[in-house]
Amino acid sequence: MEFEPKIIAFVCNWCTYAAADLAGTSRIQYPPNVRIIRLMCSGAVDPIYILKALLDGADGVLIGGCHPGDCHYQNGNYKARRRFAILRTILRDLGIPDERVRLEWISASEGKKFADTITNMVEELKKLGPSPFKTMWEI
Amino acid sequence: MVNIIINNQKIKIEEGKTILEAAEKAGISIPTLCYHKALSPYGACRICLVEIVGGGRPGLVASCQYPVKEGLVIETDTERVRKTRKIMLELILARNPNFERAKEIAREYGIIKSRIEKKEKDDCILCGLCVRICKERMGQSVLSFINRGYERKIGSPFDKKSPICMGCGACAFICPTGAIKSEAFCEKDLIPLLSEFEKGMGTRPVINILYPQAVPNAPVIDKEHCIYFNKEKCQICKAVCEADAIDYTMEEKKGYLDVGAIIFSPGFDLFDPHLKGEYGYGIYKNVITSRQFERLLSASGPSQGEIIRPSDGKHPKKIAFISCVGSRDIVCGNEYCSSVCCMYSTKEAIIAKEHDPEIEATIFYMDIRAFGKGFERYFNSARDNYGIRYIKCMPSKIIELQQSKNLRITYRNDNNSFVEEEFDLVVLATGMKPSEEVKKLASKLGLELNEYGFCEKTDFFPTQTKTPGIFICGAIGEPKDIPETIVEASSAAAEASKLLSQARGTLISKKEYPEEKPFIDEEPRIGVFICHCGRNIGGVIDVPKVVEYARSLPYVVFAEEYLYTCSQDSLEKIKEEIKRQNLTRVVVASCTPTTHAPLFRDTIREAGLNPYLFEMASIREHCSWVHMKEPGKATEKAKELVAMAVAKAALLSPIRQVSVEVNKDGLIIGGGITGMITAISLADQGFDVHLIEKTNQLGGHANNLYFTIDGKNIQEFLKRIIEKVEKHERIHVYLNAEVKEISGYLGNYKTIIHLKDENKSMELLHGIIVIATGAKEYKPTEYFYGKNPNVITQTEFEKKLVKKDISGLNKVVMIQCVGSRDEEHPYCSRICCSHAIKNALKLKEINPEAQIIILYRDIRTYGFREKYYLEARRKGVLFIQYNEKEKPKVNEVNGKLQVKVNDPVIGEEVIFEPDLLVLSAGIYADNEELSQTLKLPLTEDGFFMEAHAKIRPLDFTTDGIFVAGLAHSPRTIEESIAQANGASIRAVSILSKDKILAKAEIPKVNEKWCSGCGICEEVCPYNARKVDPETKIAEVIEVLCQACGACAMACPNGVSQQRYFEMKEIFAIIDTALG
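About the cut-offs
Residue numbers restart at each chain and count upward from 1, following the sequence in its written direction. Here every chain gets a letter starting at A, and every ligand a number starting at 1, in the order they are written. Per-residue local features are limited, in this predicted model, to residues with pLDDT of at least 70; the limit for side-chain atom pairs, both in listing and counting, is 80 or more; totals at the level of whole chains, interfaces and linings are taken over all residues. Hydrogens and water are ignored here; the side-chain numbers use all heavy atoms of the structure. Put simply, DSSP marks the helices as runs of H or I at least four residues long and the strands as runs of E at least two long, and each gets a number from the N terminus on. The buried label goes to any residue with under 20% of its type's maximum accessible area, the exposed label to any with over 50%, and the partly exposed label to all in between, with areas taken from a 1.4 Å probe on protein chains only. We call two residues contacting when some pair of their heavy atoms lies within 4.5 Å. For the area figures, the Shrake-Rupley method with a 1.4 Å probe applies, and any residue is considered shielded solely by the protein chains shown. Positive charge is attributed to Lys and Arg, negative charge to Asp and Glu, and no charge count is given to His or to the chain ends. For this purpose, a charge sits on NZ of Lys, CZ of Arg, CG of Asp or CD of Glu. We define a nonpolar core as any set of buried Ala, Val, Leu, Ile, Met, Phe, Trp, Tyr and Cys residues linked to one another through side-chain atoms lying within 4.5 Å. Patches here are clusters of residues that have more than 30% relative accessible area and form no salt bridge, with a 9 Å joining cutoff for like charges and a 5 Å cutoff for nonpolar side chains (Val, Leu, Ile, Met, Phe, Trp, Tyr). Here a salt bridge means any side-chain nitrogen of Lys or Arg lying within 4 Å of a carboxyl oxygen belonging to Asp or Glu. The predictor's confidence in any single residue is recorded as pLDDT, a number from 0 to 100. By this definition, two strands are paired if DSSP reports at least two bridges between them. When two parts are brought into contact, each loses some accessible area as probed by a 1.4 Å sphere; the total of that loss over both is the buried area. Here the nonpolar group is Ala, Val, Leu, Ile, Met, Phe, Trp, Tyr, Cys and Pro; Asp, Glu, Lys and Arg are the charged ones; every other residue, Gly included, is treated as polar.

Asks: Would you explain the overall build of chain A in this entry?
Replies: When you go through chain A residue by residue, the secondary structure sums to five helices and four strands. Written out in order from the N terminus, the α and β elements of chain A read β-α-β-α-β-α-β-α-α. Once the C-alpha set of chain A is aligned to its principal axes, its extents read approximately 45 × 35 × 20 Å. Buried residues in chain A amount to 60% of all 139 residues. Sequence-distant contacts, at least 24 apart, represent 80% of the contacts inside chain A between residues at least 6 apart. Of the accessible surface of chain A, which amounts to about 5800 Å², a share of 56% is contributed by carbon and sulfur atoms. Of the charged side chains in chain A, 18 are positive and 16 negative; the average position of the first set lies 4 Å away from that of the second.

Below, the structure written as structure tokens:
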């Protein structure tokens, strides 16, 4: 069996969740490897959620928010961006490659971008192989 | 009814149905290739073979054709069936190895490649769908099978193009392999149906949703092109619509409405660029309009955001934008300025460059009219940061090059010589005009139109027509951009609301809900309702399997499938089950929550459940629609999505939305025209208003202004308004008053003002605040202002003109942009160009011999003001452009003024010795103090920053506070009045309520552990978090909270949790998803 990566996507209610909806209404096909978790704003994505998903064995994590300047809540995506920059340094220290965790701005009209992002992420993750955390604790 | 058994499942089905239909009813999927619901079965592909094992003659039969009969026993997946299907698939793939649908099925049967080699020349698999659709549905029989055996093919009689073919394209549409090309059989030229919304850049079907944001978002049949309405054939839509929603007999209905006011906002048309023959629109393929270009840029447009040029689909690298196509053009009859084209061309150029940084964008213009709020900075950034080239010239001709289809533009450059340059794509910035249809409608309403066909307005009130009771907003009054349109929309609503305030709320009927069941935190009882959505979900996902799986999940006591969960009878069933099963949580697995969550929440509320004990799993948008080719995997994903929703549902707790009472008084800060109009509007709508003015008189700047560019008397108007304010029993004016302190929030403010005259403080209670504090006129420090008595500002000049104090004034020089568009004030003050022209015309009126020279950078007489610019030029006012780097130089020589400026037309320095030098002083804002008191943001230029530059121009992110007039941005009196009226109705949207309901998903605070660190207060963009200074506990001001969840995330010890998105709930979802 070919390795099928699992992606957890934390997306904001207004842009990226709507983009995933638009991908649906436009019937844009992408691989079924993503599980979307809806939050109101990318600024409400706790880094703990990302770490938990990784530790629980997610092969990839996507954080999706509105484009800079377009946040439904003024500046939530900027908060997400800052937080993500810090988290990135920690993830690198832990040896988690950048391809596993991505932050993307996907607006409500960008159904295709959502589908492309998932397709591309699945390809990248297939190359990387399963998350090391899946087996890490087995002795 | 007959009884049959399929795969050990007993089924009752009407006689005459086929095995395939019976299997579908039983939820058993049988692969098909030549079957179509709307056509008679044909049994050509043999993929739908099933085995009869009892109750009839045993053997393999095509299930699409074989009728059911009593006692039939059928197996759909026996070894023999699989083996035969495999061979059939290989045979089909031998004819067309690239046939996607067959390849997919083949993969499920373990076939990667057919063992048989392809010999046929075409890709046809002889399924006969095209033959059947042409005969059965279109009634034409253009196509039929020809020859036998190896020679068999699809064709028209004698292999000639058929004269009876309607060119409907159904054969090509239904062909699963793409082998059929309609043009091969049709005598006529096939013309694709172009999408009106995409401006001809894409095609559309006859049944379509007009555009993605259409309200209602439902498809309509285009009767003009529908085969049924033209030939009474086809009716395929009716055959395939599972909801049976197609009704051909529907007709337009006439109805009557009794109304008290009419708001007329029919919008505008774009200028038809065919009329400007020199640009070759409609002849040269690569000349398009800006609206077409906008569609190309759109992520949901015909090219999904890829910039491709029409002639060859290549990515253009050099794009020319031509402004003023059908604007500022006397020849084509539109002498006014369309106000928006400079900026949208700039925007399109920037977005194009963001799409593809290699694009070189050039904008040809007459004047750059970046007069709106923040526009000057945007324009500067386009030029300086994005490298967009601006050329001040209207190209005289465009020629298409034969080979490349590139376009050669001839224009005059800065050195006054003509040059030719080649571009890949030309975008015409077409102007705005009222449509002919709208003009007719306006005349039916008895509305007066002006010389350009736009609606006439009453003096000073841009949304009042001359017919009482009819109001306008938007581009029907004058060309304008989105924020101004939205302001006017609010303004028109306010005008109507004034008339109708007596009737407010009389047509509302209140919905009653049963009392909520008490929530006991015991073991949850979850009901899962799973939707087929016709075939939208059920056609891909194996819904019965998902139901079965759902039943196995923890706390799930009930799970069932429904054809449409949102249908009225299903909603009734949900309510019944809640009661019967004593459900305490509900999960619906269907479409996106954006569509129907409110409906389902309402339903469970009707059954006595708290509406937030509810979660949805989007198995349509996020699953069946995006994994249509992988039904197996889609089913697995759907199961997980349901499990995730169930995991969250198990942890949900009820949410009771709090509400606060609303104080019905309003506070307006600033007693200028804006403040007074807001006050009158609010008071006329039935609310008490406190109007605070810091000086000793009402009127603000208007006290120094006398007439408008179109000749209206400002002082007379001001007198009328002040009188109305002073006499209105609902308006309480406080002169010489200062705001000392404002506390409270939406619906409940307390303001302490200091009255200087009486030297006392007083307390005002109110529900909203409107800021109308205005702005100030710049006091120039340059050009000898204040040093030489013959250097004055436009406002001072206006006073002189009114007093006719102009003896000896024969030569006047005016300098524009003094204190605007410079380093210190990098924005345009919007009104100075018109102010200068207004004064120039007045002087010309009194003394036609006077020589007037206006030194300008760009003349920004937007909209109908362009007329006066033209008039000034006709009357001999001299306009000389200067460059921001080479400002005019003013000297005093023997007490006389001397102005030197470089004239770009003659390319030499010219010297004037004017009797009077008039400076067009800009507008600047002084809002620092008030912004700090109210914690409201300011723009870089010091004006108040609205919640959203385009769609919420009068609101702040903090609910309950609004802004209007010059405190917002520089603007004319009429534009300020529109904002004032607009702000009043924004305020009424709050004041008209008795109570304000807070959002549901707001944070809760565990007071025991809150350390009062105040981080939540810092991150909240809405001022909705506040640490109580005494208890040191971070409170939530519920009505202000917009439920973004940022504070909950930022809380260092997890004391703040966002309701409905609590950490434990998110954790449970993650655990389940990765379980």
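Asks: Sorry if this is basic, but what is going on with the nonpolar core here?
Replies: Nonpolar side chains in soluble globular proteins tend to be buried together. By size, the foremost hydrophobic cluster in this structure holds 139 residues, and its most contacted members are F10(A), V528(B) and I619(B). Among the elements that make up this core, the one with the highest residue count is helix α18 (residues 631-651) of chain B (10 residues). Not counting residues up to four positions away in its chain, the partners in contact with F10(A) are I37(A), L39(A), V45(A), Y49(A), I50(A), A53(A), V61(A), L62(A), I63(A), G64(A), I1066(B) and I1070(B). Counting residues in each nonpolar core, the second largest holds 27 residues, with A102(B), A106(B), I125(B) and L129(B) among its members.

Asks: What is the right way to look at a nonpolar patch on the surface in this model?
Replies: A contiguous nonpolar patch, built from I86(A), I90(A) and L94(A) and spanning about 290 Å² of accessible area, is present on the exposed surface. Its place among the elements puts I86(A) in helix α3 (residues 76-93).

Asks: Even after reading the chapter, I still don't get the confidence of the model for chain B, so can you show me in this structure?
Replies: Keep in mind that low pLDDT regions are not for reading the predicted coordinates in detail. Looking at chain B, pLDDT values average 93 and 100% of them are 70 or higher. The ipTM value of the predicted complex is 0.97, and its pTM value is 0.86.

Asks: What's the story with the pairing of strand β32 (residues 760-766) of chain B in this structure? I'm lost.
Replies: All names here are of chain B. With seven bridges connecting them, strand β31 (residues 748-755) and β32 associate as antiparallel partners. Each residue of the ladder has a partner; that of T751, found in β32, is L764. Here β31 hands over to β32 after four residues, with N759 in that stretch at a positive phi of 50 degrees.

Asks: What is the right way to look at the environment of E437(B) in this model?
Replies: All names here are of chain B. Topologically, E437 is positioned in helix α11 (residues 436-444). Accessibility expressed as a relative area gives 66% for E437, which makes it exposed. Measuring from C-alpha to C-alpha, the distance between E437 and P266 comes to 9.6 Å, with 171 residues separating the pair along the chain.

Asks: Got a minute to help me understand the interface of chain B and chain A in this structure?
Replies: One frequent convention defines the size of an interface as the accessible area lost when the parts assemble. At the interface, 43 residues of chain B touch 45 residues of chain A. Carbon and sulfur atoms supply 63% of the area that chain B and chain A bury against each other, a total of about 3800 Å² over both sides. Of all residues in chain B, the largest losses of buried area upon contact with chain A belong to H622(B), M1049(B) and L1074(B), amounting jointly to 17% of the total for that side. In this structure, the salt-bridge partner of E640(B) is R35(A), at a minimum N-O distance of 2.8 Å. The leading source of residues in the side of chain B that touches chain A is helix α28 (residues 1063-1074) of chain B, at eight residues. Looking at the side of chain B that touches chain A, its residues break down into 24 nonpolar, 12 polar and seven charged.

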